[in-house]
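Each chain is listed here by its residues.
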Amino acid sequence: MTDTRIDEGVLELSSLHDDDEIVVVTAPALLASPTIDLRVDESTGEASETLFAAYESLSFSDVVVKPRDSDIETYEVQLHSVYSADVSLRIPFVVASAVCNAATAIVVARAGGIAVLPGHSGIAAQAGAVRRVKNAHRGWIEQPVTLSHASTLAEAREVWQANEISGTPVVDDLGRLIGMLTKRDVRFCTDVDASRGVRELMTKEPALVTAPVGTTLRQARELMRWNRYEKLPMVDPNGTLVALLTVRDLLSAQAYANAATDRTGRLKCAASVGIGPDVVDRVGALVDAGVDSVVVDRPDGSFAGVAGAVERIRNAFGALSIVAGQASTAEGIRALVESGADAVNVGGAGRDGVEVPLLSTLFEASETARLLGVPLIARGASGGPGDTLKALATGASAVEVDPSRLDLPVSASTPPIESLLEQMASALRSGMAAAGAADLATLRTTLQLTRVSPRE
């Protein structure tokens, strides 16, 4: 259960269990258990390292957060963060689990985070999961699926089934829009109509309604409402098809205004690709499906072979966002970045489930990451909101969450993962407000941690 309290001038925000109680040290004991002030010294550009220098290694349960005299309200706290190159988040949570699927990824992205689809399935299955996420929530769809003016009804139905859609724009050889064909247009067609051309069946001028380039979602909604159309194509002055908006995407975009979306309004998702011989083929299929980032690591948490796989992916796919790991040293981070990684997973379980002291690891890794200009994603910070607060303050840009490892109550009225993320985001905002930070950048320059000792 998550507990927040102030005792002896120290804010404690962590998951407490009856058999794992901690207490705050008294003032005299602070001489032996110093405070780490993460505020940056403007004259040197460095933060004090008194606490981390005094101990060989520290884990999340070894420290608590000192409160500040703050007038920041919880509702004022912003949780925007960065996952990797060109992949931003509205909440700093990365959901990764062996059982994570498209449905989970959709919920996570709508909440503002990002999920990593596991790579233990076949290439087609993983790419299909990415495609389902990308198709679940969109604004204007750039490069929509289209039909040629020479297509038949049979070909149209194949396209609809393959892409899980209910209608398509019809274009000529120059890409100019000439009509729209939807299931409503062919509702009464039978098998004998399969060879009929789409030009014969589609909706066309003057009944065809289009939107000019620059139409906003609000304007598009009015056009669709007034004309009672569920699909609205956007065209440029030459009549060339530029984008498409569907009523499903419009309503979804409005219902989840805080979702983590790409520049076209589609939900963000990542996918794990491992280091196997098929990695380039797998990444190619994922890129075609629209994946935002790929995660290169080994199931056992070791480092061997990861840098080589990252380099192969970078050479093949240029600007694709790549997260790699896991690393626990400056040398490891540097090797991954030099091979082409845009962000690095730090910490978590190694071989045979051996845990690294993640708090110290993050602190030491953050300086290297800052110099190299790459985000760190904290693995293993699964003890609850308190761990998240400490990880983000110590150097992580986002925290990886495995829902199966968290023992938090969930609401019966919402999906478990949605309820969990809401609780974690709410607790994180409360902790940041108490620590005097209105955003994550400020948190990293204001937070103070104090060493705690076990009850005797």
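These numbers were taken from a predicted model, which means no experiment stands behind them. (Residues numbered from 1 in each chain as written. Predicted model: local features only at pLDDT ≥ 70, side-chain atom pairs only at ≥ 80, totals over all residues. Heavy atoms only, no water.)

**Some details on the nonpolar core**
For the record, the criterion: What we call a nonpolar core is a set of buried Ala, Val, Leu, Ile, Met, Phe, Trp, Tyr and Cys residues that are connected through their side-chain atoms within 4.5 Å. Summary of the burial criterion: residues with accessible area below 20% of their type's maximum are buried, those above 50% are exposed, and those between are partly exposed, where the area comes from a 1.4 Å probe applied to protein chains only. A run of DSSP states H or I qualifies as a helix once it reaches four residues; a run of E qualifies as a strand once it reaches two. Both are numbered from the N-terminal end. Contacts are assigned to residue pairs with any non-hydrogen atoms lying within 4.5 Å of each other.
With 79 residues, the main nonpolar core has Val 294, Ile 313, Leu 362, Met 432 and Leu 443 as its most contacted residues. With eight residues, helix α13 (residues 416–434) is the largest single contributor of residues to this core. If near-sequence neighbours (up to four positions away) are discounted, Leu 362 is found in contact with Phe 60, Val 346, Leu 376, Ala 378, Ala 391, Thr 394 and Ala 396.

**Things to note about helix α10 (residues 330–339)**
To keep things clear, this is the line we draw: This arc corresponds to the set of directions leading from the helix axis out to the C-beta atoms.
Within α10 the residues assigned to the buried category are Gly 332, Ile 333, Leu 336, Val 337 and Ser 339. Taken down its axis, α10 places every buried residue within 165 degrees of arc, on the same side. Of the exposed residues in α10, those oriented more than 90 degrees away from the buried face are Glu 331 and Glu 338. Buried residues belonging to α10 abut α9 (306–317), β21 (321–327), β22 (343–347), α11 (358–372) and β23 (376–379). Where α10 terminates, the next one or two residues include Gly 340, which has phi positive at roughly 125 degrees.

**Considering the sheet that holds strand β19 (residues 270–272)**
Rules: Two strands pair if DSSP finds at least two bridges between them. Fitted lines through C-alpha atoms serve as axes, helices being fitted only where they are in contact, and the angles separating the N-to-C directions of these axes extend from 0 to 180 degrees.
Reading around the barrel, the eight strands line up as β10-β11-β19-β20-β21-β22-β23-β24 and close back on themselves, with parallel pairing between neighbours. The average angle at which neighbouring strand axes cross in this sheet is 25 degrees, direction not considered. Pairing analysis gives four bridges linking β21 to β22, with the strands arranged parallel. Note on β22: the bridge partner recorded for Ala 324 is Val 344. Along the sheet face, α11 touches β22 and β23 and points at about 170 degrees away from the line of β23.

**Let's talk about a negative patch on the surface**
For clarity, the cut-off: For patch detection, residues must exceed 30% relative accessible area and be free of salt bridges, and they are connected within 9 Å for like charges or within 5 Å for nonpolar side chains (Val, Leu, Ile, Met, Phe, Trp, Tyr). Under the convention used here, a 1.4 Å probe and the Shrake-Rupley method define accessible areas, while residue burial counts only the protein chains that appear. By convention in these notes, a salt bridge is any Lys or Arg side-chain nitrogen within 4 Å of a carboxyl oxygen on Asp or Glu. In this charge count, Lys and Arg are treated as positive and Asp and Glu as negative; neither His nor the chain ends contribute. To locate a charge, take NZ of a lysine, CZ of an arginine, CG of an aspartate or CD of a glutamate.
A contiguous patch of negative charge on the surface is contributed by Asp 69, Asp 71, Glu 73 and Glu 76. The topology assignment puts Glu 76 in the loop between β7 (63–66) and β8 (81–84).

**Description of the pattern of salt bridges**
Going through the model one piece at a time under the given rule, you end up with 13 salt bridges. A salt bridge links Asp 172 to Arg 176, with the shortest nitrogen-to-oxygen separation between them at 2.8 Å. The class of Asp 172 is buried, set by a relative accessible area of 17%. Here Glu 367 and Arg 370 are joined by a salt bridge, their closest N and O atoms 2.8 Å apart.

**Brief notes about the sheet that holds strand β13 (residues 147–148)**
Across the sheet, which stays open at both edges, the three strands sit in the order β13-β14-β15 with mixed pairing between neighbours. Strands at the two margins of the open sheet, each flanked by one partner only, are β13 and β15 (177–182). In terms of strand pairing, β13 meets strand β14 (residues 167–171) through two bridges, oriented parallel. Considered in β14, the bridge of Leu 147 is made with Val 170.

**A closer look at the pairing of strand β25 (residues 448–451)**
Burial along β25 is two-sided: Gln 448 and Thr 450 and Leu 449 and Arg 451, pointing in opposite directions, are all buried. Relative to β25, β7 is paired through four bridges, and the arrangement is antiparallel. Looking at β25, one finds that Val 64 is bridged to Thr 450.

**Focus: the state of the cysteines**
Just so we agree on the cut-off: Pairs of cysteine sulfur atoms within 2.5 Å are identified as disulfides in what follows.
Evaluated as defined, the whole model comprises zero disulfides. Take Cys 100: it sits in no disulfide, and the sulfur closest to it among the cysteines is that of Cys 269, at 9.3 Å.

**Describing α13**
Worth spelling out the cut-off: For a helix, the expected span equals 1.5 Å multiplied by the number of residues minus one.
With 19 residues, α13 extends 27 Å from end C-alpha to end C-alpha; this agrees with the ideal 27 Å at 1.5 Å per step. Those residues of α13 that fall on the buried side of the exposure criterion are Ile 417, Ser 419, Leu 420, Leu 421, Met 424, Ala 425, Ala 427, Leu 428, Gly 431, Met 432 and Ala 433.

**Considering the packing of helix α2 (residues 102–111) against helix α3 (residues 123–135)**
Applied cut-off: By the definition used in this description, the sense in which the near helix is turned from the far one sets the handedness, with an anticlockwise turn below a right angle giving left-handed and a clockwise turn giving right-handed. All residues other than Ala, Val, Leu, Ile, Met, Phe, Trp, Tyr, Cys, Pro, Asp, Glu, Lys and Arg, Gly among them, are scored as polar; the first ten of these are nonpolar and the last four charged.
Two elements in contact, α2 and α3, have axes whose closest approach is 9 Å; the angle formed by their N-to-C orientations is 35 degrees. Seen from above, α2 lies across α3 with right-handed handedness. Along the contact surface, α2 presents Ala 102, Ala 105 and Ile 106, while α3 presents Ala 129, Arg 132 and Val 133. Class assignment for the residues of the contact of α2 with α3 results in five nonpolar, no polar and one charged.

**Some points on the confidence of the model for the protein**
Heads up, the rule is: The predictor reports its confidence for every residue as pLDDT, a score running from 0 up to 100.
Of the residues in the protein, 80% have a pLDDT of 70 or more, and the chain-wide mean is 81. For residues 1–36, every residue scores under 50 in pLDDT, and the model assigns this stretch 96 contacts once sequence neighbours within four places are set aside. In the model, residues 349–354 has pLDDT below 50 throughout and makes eleven contacts with residues more than four positions away in sequence or in other chains.

**Here's the deal with the packing of helix α12 (residues 385–394) against α13**
Basically, it comes down to this: Under this scheme an angle from 65 to 115 degrees is roughly perpendicular, one under 35 degrees roughly parallel, and one over 145 degrees roughly antiparallel; angles in between are oblique.
One can describe the packing of α12 onto α13 by two numbers: an axis separation of 9 Å at closest approach and a directional angle of 55 degrees. As summarised for this structure, α12 and α13 are arranged oblique, according to the angle between their axes. Handedness of the crossing formed by α12 with α13: right-handed. Counting all contacts with α12, which are made through Pro 385, Thr 388, Leu 389 and Leu 392, the residues of α13 involved are Met 424, Ala 427, Leu 428, Gly 431 and Met 432. Classifying every residue of the contact of α12 with α13 by side-chain character gives seven nonpolar, two polar and no charged.

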